[in-house]
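Fold and geometry: a report
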Amino acid sequence: MKPAANLSHLWPDLPYLDRFDAASAAGFTGVEVLFPYDVAAKHTQRALVQGGLQMVLINAPPPNYTGGPRGFAAVPGDERRFAYDVRRALRYADALRVPMVHIMSGKASGSHAREVMVSNLRMACAAAPGVVLTIEPLCPEMQPDYFLNDYALAADIIAQVNAPNLKLQFGSFHAQMIHGDAVATYETYHEITAHVQLGDTPARGAPGSGDVDFAAP
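Presented here is a report on the structure given in the accompanying data block. Everything numeric here is computed off the predicted structure, so don't read it as measured data.

1. What to know about the nonpolar core
- In terms of nonpolar packing, the biggest core is built from 61 residues, with F20, M55, I103, I135 and I157 touching the most fellow members.
- Residue contacts for I103: discarding those within four places in its chain leaves A60, A73, F82, V86, L121, L133, T134 and I135.

2. Side note on the side chain of T185
- Position of T185 among the secondary structure elements: in helix α7 (residues 182-189).
- With sequence-adjacent residues up to four places away left out, T185 is seen in contact with Y151, F170, A175 and H179.

3. A look at the packing of aromatic side chains
- Evaluated as defined, the whole model comprises 6 aromatic pairs.
- Look at Y16 and F20: their rings are 5.3 Å apart centre to centre, the planes differ by 85°, and that puts the pair in the edge-to-face class. Note on accessibility: Y16 and F20 belong to one class, buried.
- Relative to F170, the ring of Y151 lies with its centre 5.7 Å away and its plane at 55°, an arrangement referred to as tilted. Separated by 19 residues along the polypeptide, Y151 in helix α5 (residues 151-161) and F170 in strand β6 (residues 166-171) bring together distant segments of the chain.
- Residue classification places F170 among the buried residues on the basis of a relative accessible area of 3%.
- Among the aromatic side chains, those forming a connected cluster through ring pairs are Y151, F170, Y186 and Y189.

The rules behind these values
Residues numbered from 1 in each chain as written. Predicted model: local features only at pLDDT ≥ 70, side-chain atom pairs only at ≥ 80, totals over all residues. Heavy atoms only, no water. Core = buried A, V, L, I, M, F, W, Y, C linked by side-chain atoms within 4.5 Å. Buried < 20%, exposed > 50% of the residue type's maximum accessible area, 1.4 Å probe, protein only. Contact = heavy atoms within 4.5 Å. Helix = DSSP H or I, 4+ residues; strand = E, 2+ residues; numbered from the N terminus. Phe/Tyr/Trp six-rings, centres within 6.5 Å; stacked < 30°, edge-to-face > 60°.

The structure is reproduced here in C-alpha cells:
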C-alpha cells in the first residue's frame, strides 16, 4: 500500500498549487484531490511534475457551479447528465494521467435508483477501460440522503455491474460512522477495495485522534 496525501484536506492554509510542494516536502509521492476542476489541468500537471508526484484519484462529477447537488450515478432522470459529466471527468483524468476516479452516487433512494446506478456504472466502466472507477459509501452525517450509504450495498452493486475496472473505495471515517467498526468493515471488503482513505471519528481527524482502533491486529 502506497500512501498519498489528500490535498483537499491537508495544508488547507496553503493555496491549492502550493500544497503539491508541501506534499513532496513531506515525503509523499502520490496525491489525490477531490475536485481539481477549478484550476486548468496544465497548472495542476505542472505542479505534479515539479514535485515528482502522481495524482492517484479525483472525484466525478465535476462541480455543479449552479449550486446543485454533486453526484448523479443513482439519480433517476439524470442519466444524460451523468454521461456528460463522466466524459468531462475522464478527459480531466486523462490530462493528469489519473488511474482512479471516484464516482459519486448522489441523493436518491429505492430499487429504481439502484437500477439506474448499475446501468450508469456499466456505461462508465465501458467508457473508461484504462481507468479504475471507485464507489464509496458516505455516512448520513456528512451526506444526508446519499444513496450509497452502506458497504454491503456497495459490494452488491459492484458484483452486479461485474466490470473489472469497478472497485470499492474504503474510507475509515465513513465506515466507522456507518457500521461502528472500520477495521472489521475493511477486513470484510478489502478484496474488492482499490483505494483507502484514513480518517478518525467523530471529527474526521488524523488516525489515532479518535475512536478507530487503527492498531488492531
